[in-house]
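Below, each chain spelled out in residue letters.
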Amino acid sequence: MELPKFILGDNTDLPNAIFVIHTEFPRFIINLEDDEVEWLEDFNQEDQRELELEAEKLIQQASEFYDREVARYDEE
């Protein structure tokens, strides 16, 4: 099965939270309500440096994905 790079998620236990799941390395879930990020990878020291360089860009892409998806819902 081929997964999209980003997936939207929500949960009724956290009604204000909007989650974006990044399915490619480095996998993570960001809660757009408070920008909290949960990494789904274990990182070694070398990975940590790469992650720091890429994290800001990936989080920005997740936010842009959400904005695009919401805009598409509004068009319907």
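Residues numbered from 1 in each chain as written. Predicted model: local features only at pLDDT ≥ 70, side-chain atom pairs only at ≥ 80, totals over all residues. Heavy atoms only, no water.

Draft legend 1. Here's a closer look at helix α1 (residues 45-75). Between its terminal C-alpha atoms α1 stretches 45 Å, which fits the 45 Å expected from 31 residues at 1.5 Å a residue. Where α1 bends most, the angle comes to about 40°, and this point is Glu-54. Considered for burial, the residues of α1 that qualify are Leu-51, Ala-55, Leu-58, Ala-62, Phe-65 and Glu-69. The elements touched by buried residues of α1 are β1 (6-9), β2 (19-22), β3 (28-31) and β4 (36-39). (Helix = DSSP H or I, 4+ residues; strand = E, 2+ residues; numbered from the N terminus. Expected span 1.5 Å × (residues − 1). Bend = angle between axes of the 7 residues up to and from the residue. Buried < 20%, exposed > 50% of the residue type's maximum accessible area, 1.4 Å probe, protein only. Contact = heavy atoms within 4.5 Å.)

Draft legend 2. Up close: the sheet that holds β3. Taking strand neighbours across the sheet as the criterion, the four strands line up as β1-β2-β3-β4 in an open arrangement whose pairing is antiparallel. Of all the strands in the sheet, the pair left with one neighbour each is β1 and β4. Geometrically, the sheet is characterised by an average inter-axis angle of 20° between neighbouring strands, direction not taken into account. Relative to β2, β1 runs antiparallel, the two being bridged by four bridges. (Pairing = 2+ DSSP bridges. Axes fitted to C-alpha atoms, helices over the stretch in contact; angles between N-to-C directions.)

Draft legend 3. Focus on the pattern of salt bridges. By the definition in use, this model includes four salt bridges. Lys-57 is the partner of Glu-54 in a salt bridge, and the nearest nitrogen-oxygen pair spans 3.1 Å. In this pair, Glu-54 and Lys-57 both sit in helix α1, three residues apart, roughly one turn of the helix. For Glu-54, a relative accessible area of 28% puts it in the partly exposed group. Given a relative accessible area of 44%, Lys-57 falls into the partly exposed group. The partner of Glu-69 in a salt bridge is Arg-72, with the nearest N and O atoms 3.6 Å apart. A residue pair is termed a helical-turn pair when its members lie 3 or 4 positions apart in one helix, as Glu-69 and Arg-72 do in helix α1 at three residues. (Salt bridge = Lys/Arg side-chain N within 4 Å of Asp/Glu carboxyl O.)

Draft legend 4. Region of interest: the environment of Arg-27. Among the structural elements, Arg-27 can be located in the loop between β2 and β3. Distance in space between the C-alpha atoms of Arg-27 and Arg-72 is 25 Å, their sequence separation being 45 residues.

Draft legend 5. Here's a closer look at empty space enclosed by the protein. Tallying each qualifying case throughout the model produces one cavity of 30 Å³ or more. Around the largest cavity, the lining residues are Phe-25, Pro-26, Phe-43, Asp-47, Glu-50, Leu-51 and Glu-54. For the lining of the largest cavity, the per-class residue count stands at four nonpolar, no polar and three charged. (1 Å grid on protein atoms, 1.4 Å probe; cavity = no way out; pocket = protein on both sides within 12 Å on 5 of 7 lines; lining within 4 Å. Points joined across faces, edges and corners; volume = space filled by probe spheres on them. Nonpolar A, V, L, I, M, F, W, Y, C, P; charged D, E, K, R; others polar.)

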